[in-house]
Structures are given as C-alpha cells and as structure tokens.
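Given next are the chains, with one letter for each unit.
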Amino acid sequence: MFRGFFVKTISFVGYTVQYGCIAHCAFEYIGEFVSCSGPSMEPTITNHDVVFSKRVSRHLCRIQKGHIVIAKSPFDPKMNICKRVMGLEGDKVCTSGPSDVFKTHTYVPRGHVWLEGDNLRNSTDSRSYGPIPYALIRGRVCLKMWPPHSFGVLAESPNDGRIL
C-alpha cells in the first residue's frame, strides 16, 4: 500500500516538473499574457486590459516604429511597462510634452529605442527617462485578450489612438 502511494507521488512530481518546464519555456521564448495597469496607453489599452506579448518577435524579427512593446522599467527592474515605439536608433524624436511651447529634439542612440504612451499627457515614458536599451524589451504586444468585447489585433501605426 505504501509503495503504491510512493510510486504515484513520484510520478505526479515528475509530471509536474515536466509540465512546469514546458510552461516556463513557452512563457520565456514564445509569449506571455500581461495585465496592463495605468492610463498611459489609453485609449488603445485601458486599465486592467489583458494583452498577449510575443517574445518570438523580439528574437526573430526587428521591433519597428508603431509596435506596442512590453519592456522592463528603467526605474524599477521588477516592473514592466507597456509603451509604443516612437523612435529607433538614429531617429530624431521630440522630447518635449504636448503642452510645451518650445519643442526640443534629440537623436536615439545606437542600441536604444524611444518609447511613449498613447496618452501623452498622462504617461511616464522616454520623455522622462530617455531612450531605453533594446535589451530591456521583453516582447511585442500583438493581441488584446480581455475584456472580450475588445478582443483583437492591436494597431501598429504610431498615430492610431494617440491622445495629444
């Protein structure tokens, strides 16, 4: 009786470890579900929306202007941010806010991207912390999963849905 219980327990632990490894690889290299919070990406992504972020696209194809990405926060590495890519290395970008009278510009350095939220008046983004290294990008957001009424592919144009 004890032996049968022991064999079943070891078998269960073995399957749990195997499926855990498969799940880890899937989330690390294929993609992950991310719950977004905050107003910075409104109206494209609102508070508590769930999106799917493809990790494969970061490794196999280049991130482009207009893509929405999940990246590690430059302020807090334990936190992720969701922003739209507005500039790639070598691009000239506007560093001033929408209400600033005098507009200032800078160039995105090599190996970096310029990220901005769609809700420019309520977003902490590259205008605050500067360009971020490409290595901080975790994946490209491709689908809005929740709520169900807004399920679908997200727009890739840098001007879609922006609040100035």
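Within any chain, residue numbers begin from 1 and follow the written order of that chain's sequence. Confidence filtering applies because this is a predicted model: local features only for residues at pLDDT of at least 70, side-chain atom pairs given and counted only at 80 or more, and all residues used for totals across whole chains, interfaces and linings. In computing side-chain values, all of the structure's heavy atoms are included and hydrogens and water are not.

(A) Looking closely at the overall build of the protein chain. Every helix listed is a DSSP run of H or I at least four residues long, and every strand listed is a run of E at least two residues long, numbered separately from the N terminus. In terms of helices and strands, the protein chain carries three helices and ten strands. A simple rule labels every residue: compare its accessible area, found with a 1.4 Å probe on the protein chains alone, to the largest value its type can have, and call it buried under 20%, exposed over 50%, or partly exposed in between. The 164 residues of the protein chain split such that 38% are buried. For the protein chain, contacts bridging at least 24 residues in sequence account for 54% of all contacts bridging at least 6. Per-residue and other accessible areas follow the Shrake-Rupley method at a 1.4 Å probe size, with only the shown protein chains counted as cover for residues. Summed over all atoms, the accessible surface of the protein chain reaches about 9900 Å², with 63% contributed by carbon and sulfur. Every residue pair with non-hydrogen atoms within 4.5 Å of one another is taken to be in contact.

(B) Spotlight on the UniProt feature "active site" (unreviewed entry) in the protein chain. As annotated by UniProt and renumbered to match this structure, "active site" (unreviewed entry) occupies Ser-40 and Lys-83. Considering the C-alpha atoms alone, the annotated residues occupy 44 residues of sequence yet fold into one spot, their largest mutual distance being 7.8 Å. Note that Ser-40 resides in the loop between β1 (31–35) and β2 (50–54). The class for Ser-40 is buried, based on a relative accessible area of 12%. UniProt positions are given in the numbering used here, feature names are shortened, and annotations may be inferred rather than shown by experiment.

(C) Layout of the environment of Ser-53. Note on placement: Ser-53 falls in strand β2. Residue Ser-53 is classed as buried on the basis of its relative accessible area of 0%. Taking C-alpha positions, Ser-53 is 10.0 Å from Cys-82, a pair spaced 29 residues apart along the chain.

(D) Up close: the packing of aromatic side chains. Any pair of Phe, Tyr and Trp rings, taking the six-membered ring for Trp, is counted once the centres come within 6.5 Å. Such a pair is stacked with planes under 30 degrees apart, edge-to-face with planes over 60 apart, and tilted for the rest. The final tally for this structure, using the stated rule, is three aromatic pairs. Aromatic side chains Tyr-15 and Tyr-19 sit 6.4 Å apart centroid to centroid with 20 degrees between the ring planes, which places their arrangement in the stacked category. Highlighted residues: Tyr-15 and Tyr-19, both in helix α1 (residues 2–30), separated by four residues, approximately one helical turn.

(E) Spatial organisation of the nonpolar core. By nonpolar core we mean a set of buried residues, namely Ala, Val, Leu, Ile, Met, Phe, Trp, Tyr and Cys, connected to one another through side-chain atoms within 4.5 Å. Listed in full, the eleven residues of the largest apolar core are Ile-63, Val-69, Ala-71, Ile-81, Val-85, Val-113, Leu-115, Tyr-129, Ile-132, Tyr-134 and Ile-137. Going through the elements one at a time, β3 (68–72), β4 (80–87) and β7 (112–116) are the ones with two or more residues in this core. Apart from the residues within four sequence positions on either side, Ile-81 is in contact with Val-69, Ile-70, Ala-71, Lys-72, Ser-73, Pro-74, Leu-115 and Tyr-129.

(F) Geometry of the pattern of salt bridges. A pairing counts as a salt bridge when a side-chain nitrogen of Lys or Arg comes within 4 Å of a carboxyl oxygen of Asp or Glu. Going through the model one piece at a time under the given rule, you end up with seven salt bridges. In this structure, the salt-bridge partner of Arg-62 is Glu-89, at a minimum N-O distance of 3.9 Å. One end of the pair, Arg-62, is in the loop between α2 (56–60) and β3; the other, Glu-89, is in the loop between β4 and β5 (92–94), with 27 residues separating them in the sequence. Accessibility expressed as a relative area gives 49% for Arg-62, which makes it partly exposed. We note a salt bridge from Arg-127 to Asp-125, for which the minimum N-O separation is 3.0 Å. Owing to a relative accessible area of 0%, Asp-125 belongs among the buried residues under this scheme. Within the structure, one salt-bridge network assembled from shared partners comprises Glu-32, Arg-55 and Arg-138.

(G) Expanded view of the confidence of the model for the protein chain. Confidence scores per residue from the predictor, reported as pLDDT, run from 0 to 100. For the protein chain, mean pLDDT is 84; residues scoring 70 or higher make up 89% of the total. Throughout residues 160–164 the model reports pLDDT below 50, and contacts reaching past four residues in sequence, or to other chains, amount to 21 contacts.

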